[in-house]
Each structure stands twice: as C-alpha cells, then as structure tokens.
Amino acid sequence: MKILVTDFDHVVHEVTAEADWPIMEAIRSAGLPIKAECGGCCLCATCHVYVDDAWVGKIQAMDDEEEMMLGEAPQVRPSSRLSCQMRMAPELDGLVLSLAPTY
Ligand code: FES
C-alpha cells in the first residue's frame, strides 16, 4: 500500500506502508524529515501531520491520549493528527497527508 506525503518544500513523496504499520514509521522509513522524538509513544507531538480533507473521515478516530498530546503541537488544524497514532489499513491505501510544524 502507499501513502502520498507532502514535505515542507511542497514536494510529494510516494511512501510504501505495510498493513498495521504506524503511519509515522512509514514516513520515517522513507527518509522524510519527521522527528517522532518519542518513537511513537504519544509523548512528544513531533510526528504532527495534516491529513488531506478528503481522508479525514476515513482515518481511525482519535483517542483522548492523542487529542491531549496534539494540543501541544503548534499550528493545529481540524485535520491535524499524530502520525504515530494512525495505523495503516487497506482502506487507507492512497492516503494523502502533509508534514506539519512541530517545535
Ligand atoms: S512520535 Fe511522539 S507523539 Fe508520535
């Protein structure tokens, strides 16, 4: 499966993502500049991404832990998510997102 990730220079990258992988791991494995300082433990908000509006409703819902940590990220939008808390699934094949500001 694949996801399309826009980096901070507005370049779109096609990234391979295996089923059940955290999206953050797929982005990091592709060598894109995502900090993900806590390694996916929902403790840092440095894996912040903006999900394309067309995909927002297809992603697994945010839990309280993610919502609280996301509140620490800068420039949060309604489409903001922590990419370590989203898992790749067949229905997300072709997911479109952008890297978002962190600290
Ligand atoms: S990698 Fe730290 S919250 Fe996602």
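Rules used throughout
- Residues numbered from 1 in each chain as written.
- Predicted model: local features only at pLDDT ≥ 70, side-chain atom pairs only at ≥ 80, totals over all residues.
- Heavy atoms only, no water.
- Pairing = 2+ DSSP bridges.
- Helix = DSSP H or I, 4+ residues; strand = E, 2+ residues; numbered from the N terminus.
- Patch = residues over 30% accessible without salt bridge, like charges linked within 9 Å, V, L, I, M, F, W, Y side chains within 5 Å.
- Areas by Shrake-Rupley, 256 points an atom, 1.4 Å probe, with all protein chains shown as cover.
- Salt bridge = Lys/Arg side-chain N within 4 Å of Asp/Glu carboxyl O.
- Lys, Arg positive; Asp, Glu negative; His and termini not counted.
- Charge placed at Lys NZ, Arg CZ, Asp CG, Glu CD.
- Phe/Tyr/Trp six-rings, centres within 6.5 Å; stacked < 30°, edge-to-face > 60°.
- Lys NZ or Arg CZ within 6 Å of the ring centre and 35° of its normal.
- Core = buried A, V, L, I, M, F, W, Y, C linked by side-chain atoms within 4.5 Å.
- Buried < 20%, exposed > 50% of the residue type's maximum accessible area, 1.4 Å probe, protein only.
- Contact = heavy atoms within 4.5 Å.
- Axes fitted to C-alpha atoms, helices over the stretch in contact; angles between N-to-C directions.
- Polar contact = N/O pair within 3.5 Å; in protein donor to acceptor, adjacent residues only side chain to side chain.

**Q** Explain the pairing of strand β2 (residues 12–16) to me, using residue names and the numbers behind them.
**A** Of the strand pairs in this sheet, strand β1 (residues 2–6) and β2 are connected by five bridges, and their pairing is antiparallel. By the bridge assignment, lysine 2 is partnered in β2 with threonine 16. Two successive antiparallel strands, β1 and β2, enclose a turn made up of five residues, where histidine 10 displays a positive phi of approximately 70°.

**Q** So what about a negative patch on the surface? Which residues, and what values?
**A** Together, Asp63, Asp64, Glu65 and Glu67 give the surface a local cluster of negative charge. For aspartate 63, the location among the structural elements is in the loop between β3 (48–51) and α2 (64–70).

**Q** Pulling in residues and values, what's your account of the packing of aromatic side chains?
**A** On inspection of all chains with the given rule, the structure shows zero aromatic pairs. The aromatic ring of tryptophan 55 is capped on one face by lysine 58, whose charged end is 4.6 Å from the ring centroid. In this arrangement the basic side chain of arginine 77 is found over the ring face of tyrosine 50, its NZ or CZ atom lying 3.7 Å from the centre.

**Q** Outline the nonpolar core, supporting the account with residue identities and numerical values.
**A** Ranked by size, the top nonpolar core spans 30 residues in total, and within it Ile3, Val5, Ile23, Ile27, Leu95 and Leu97 carry the most contacts. Considering each element in turn, this core owes the most residues, four residues, to helix α1 (residues 23–29). When sequence neighbours within four positions are dropped, the list of residues in contact with leucine 95 reads Lys2, Ile3, Leu4, Ile23, Val51, Trp55 and Ile59.

**Q** So what about unusual backbone geometry? Which residues, and what values?
**A** The backbone of aspartate 20 shows a phi angle near 75°, a positive value even though the residue is not glycine. In this fold, aspartate 20 is placed in the loop between β2 and α1.

**Q** How would you sum up the sheet that holds strand β5 (residues 95–99)? Please name residues and give values.
**A** Here we have five strands laid out as an open sheet, ordered β2-β1-β5-β3-β4, and mixed in their pairing. Lying at the two open borders of the sheet, with one neighbouring strand each, are β2 and β4 (80–82). Within the sheet, the average angular offset between the axes of one strand and its neighbour, ignoring direction, is 35°. With four bridges joining them, β1 and β5 adopt parallel strand pairing.

**Q** Go over the side chain of arginine 81, please, and point to the residues and values.
**A** Relative to the assigned elements, arginine 81 resides in strand β4. A polar contact of 2.8 Å, which involves the side chain of arginine 81, links it to the backbone oxygen of glutamine 60. Filtering out sequence-adjacent residues up to four positions away, arginine 81 remains in contact with Cys47, His48, Val49, Val51, Ile59, Gln60, Ala61, Met62, Glu66, Leu70 and Met86.

**Q** Pulling in residues and values, what's your account of the side chain of threonine 46?
**A** With respect to the helices and strands, threonine 46 occurs in the loop between α1 and β3. Relative accessible area serves as the criterion here: at 2%, threonine 46 is assigned to the buried category. Within the structure, threonine 46 has its side chain in polar contact with the backbone nitrogen of glutamate 37 (distance 2.9 Å). With residues near it in sequence (within four places) discarded, threonine 46 still touches Ile34, Lys35, Ala36, Glu37, Thr102 and Tyr103.

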